[in-house]
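Observations on chain architecture
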Amino acid sequence: MSDPKFTPRVFSGMQPSGGLTLGNYLGAMKRWVDMQNAGTHQTIYCMVDLHAITAKLQDPDTLRESTREVCAGYIAAGIDPERSILFNQSQVAEHTQLAWIFNCVARMGWMGRMTQWKDKAGKNAENASLGLFAYPALMAADILVYHATHVPVGEDQKQHLELTRDIAAKFNHDYGVDFFPITEPVIEGAATRVMNLQDGTKKMSKSDPSDRTRINLTDDADTIAKKIRKAKTDPDPLPDTIKGLDGRPEARNLVNIYAGLAEVTPAEVVAQHAGSQFGHFKVALADLAVEKLASISSEMARLMDDKAEIDRILRRGAERAREIASPILDQTYDIVGMLR
Ligand code: AQP
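Residues numbered from 1 in each chain as written. Predicted model: local features only at pLDDT ≥ 70, side-chain atom pairs only at ≥ 80, totals over all residues. Heavy atoms only, no water.

**Topic: the pairing of strand β1 (residues 9–14)**
Note the threshold: For the exposure calls, accessible area comes from a 1.4 Å probe over protein chains only, and a residue counts as buried if that area is under 20% of its type's maximum, exposed if over 50%, partly exposed in between. Helix numbers and strand numbers start at the N terminus; a helix is a DSSP run of H or I with at least 4 residues, a strand a run of E with at least 2. We call two strands paired when DSSP finds no fewer than two bridges between them. When the strands point away from the viewer, a crossover counts as right-handed if the route from the first strand across the helix to the second turns clockwise.
Among the 6 residues in β1, 5 count as buried, and that is most of the element. As paired elements, β1 and strand β2 (residues 42–47) share 6 bridges and run parallel to each other. Bridge pairing in β2 links M14 to M47. As for the winding sense of the linkage, the β-α-β connection from β1 through helix α1 (residues 22–38) to β2 is right-handed.

Spelled out as C-alpha cells, the structure:
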C-alpha cells in the first residue's frame, strides 16, 4: 500500500544509448501508457541521457539524435506530452544535485552488489567509469526528486529499485524524517524480461552489437518478420502446458513475446498453439508483431521529421518537471543542513 501522505506519482525512464527495442516496449513502455491513461497517477517519463554516458563514450551528435528518437518512440507508443511530463534528464539539474546527497547516503557495499554493475563492468572493473558504479544512486535521485510512489520497469531493474527504497529509508532514518516515499516497483505483464532472439539466456538489449538479436521499434514490417523467422528455437513443437517450456529458453521467450503483444497470459498462448511447429507459430507471431509495432515505427519517422518540435516538447517538459523537483530538492538541502 502506498503512503497516503504522497501524491500518487509515476516516474520512469530509458537510456538513449541506442534505439528502443521490443524489450523496452513490452517491459516498461506499455505499462507507462496504461498508467497514463488510467489517470490515477501523475506520470513523468524521461530520457535518462546522463545515464547513457556511464557505460561507454557516446558520440555527442548521435546521443542528441537518440534522445530525440527515444522521445519520438514514447509519443508514438502513446505517451501524450500534455497528459504526462516528458523531458530529458540533463535539462533538470535537480537530478544530479540530489544524486550527490544520495552518493553520501548509499554504501559502497550496496553499490558493489548490483548485478548490472557486475555485468557491465565485468572483469574490467578497474577501468569502468565512476559514473557506472554510481548509476543506481542517480537512478534513486531521478525517482525520489519527484517523490514518485510507483516506478514501472522491466524485471532487470528490480534490484535498482530495491536500492532506491534502501536509500530512501536510510535517508529518512539518518535524519529522523519521513520525507522520501518508499517507492513501489510496478513489474507486470507477460514479458517483463524479453530475451535476445539468438540466445534465450541473455536479455534483449539495445546495445548488443548484433542487430539480429533484437527487434527495434524503428524496424519496418519486413525486418520484423525476418528477425522473427530467423529467431533461434528448438526442434520440438509447442507444448500443451507452460511447464513444457522448462529448459527451453528460446521457446519460452517467443511465447512470452506473443503473450505480451496480444495482452494475454503465456498459458493462454500455449493452450491456443499446443502442438504447432515453431515454423507456424513464428508466422502468427510475426503477423501479430507487425500489426502492433509497424504503426509505432511509421509514427516515429513522422515525428522525427520535425526535430524542432521534439526539442520544444522536451524543454517544456523540463520546465514542468523542475516545478516539482525544485521544492523537493530545497527541502532535502534544508534537512541535510545546507545553508540557503
Ligand atoms: N529485454 C528487456 N525486457 C524487459 N524490459 C526491458 N527493459 C530493457 N530491456 C528489457 C526495460 O526498459 C527500461 C529502460 O531500460 P534502459 O534503457 O534504461 O536500460 P537497460 O535496462 O540497460 O536496457 P538495455 O536495452 O539493455 O540498454 P543498454 O543496452 O544500453 O544497457 C527499464 O525499465 C528496463 O527494465
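**Quick notes on the pattern of salt bridges**
Operational definition: Note on definitions: salt bridges are taken to be side-chain nitrogens of Lys or Arg within 4 Å of carboxyl oxygens of Asp or Glu.
Under the counting rule described, the total for this entry stands at 20 salt bridges. Across the salt bridge formed by D311 and R68, the nearest N and O atoms sit 2.8 Å from each other. Linking D311 in helix α13 (residues 307–336) with R68 in helix α3 (residues 60–77), this pair joins segments that are 243 residues apart in sequence. Of the residues examined, R68 reaches a relative accessible area of 18% and is grouped as buried. Its salt-bridge partner being D219, residue K227 comes within 2.7 Å of it at the nearest N-O pair. Exposure class is identical for K227 and D219. Each is buried. Residues joined by salt bridges that share partners form a network here, namely E65, R68, K307 and D311.

**A word on the environment of I313**
Test applied: Contact criterion: two residues are considered in contact whenever any of their non-hydrogen atoms come within 4.5 Å of each other.
The residue I313 is located in helix α13 in this model. Sequence spacing of I313 and F87 is 226 residues, and the spatial spacing of their C-alpha atoms is 7.4 Å. Not counting the four nearest positions on each side in its chain, I313 is found in contact with I75, P81 and L86.

**Here we look at helix α9 (residues 221–229)**
Here is the rule: The directions from the helix axis to the C-beta atoms form the arc being described.
Considered for burial, the residues of α9 that qualify are I224, A225, K227 and I228. Burial along α9 is one-sided: seen end-on, the buried residues are contained in an arc of 165°. Counted as exposed and oriented over 90 degrees from the buried face of α9: D222 and R229. Buried-residue contacts for α9 involve α12 (278–304).

**Quick look at the packing of aromatic side chains**
Definition in use: Each Phe, Tyr or Trp ring (for Trp, its six-membered ring) is paired with any other whose centre lies within 6.5 Å, and the angle between the two planes then decides the class: stacked below 30 degrees, edge-to-face above 60, tilted in between.
Using the criterion set out here, one finds 11 aromatic pairs in the structure. When the centroid spacing of 5.4 Å and the interplanar angle of 75° are considered together, the rings of F102 and F180 count as edge-to-face. Of this pair, F102 sits in helix α4 (residues 94–105) while F180 is found in the loop between α8 (158–175) and β5 (184–186), placing the two residues 78 residues apart along the sequence. Under the relative-accessibility criterion, F180 is labelled buried at 1%. Consider the rings of F171 and Y175, whose centres lie 4.8 Å apart with planes at 40°: the pair is tilted. Of the two residues, F171 and Y175 are both situated in helix α8; the distance of 4 residues between them amounts to about one turn of the helix. Owing to a relative accessible area of 36%, Y175 belongs among the partly exposed residues under this scheme. A network of ring pairs unites the aromatic residues F102, F171, Y175, F179 and F180 as a single cluster.

These figures come from the coordinates and say nothing about function on their own.
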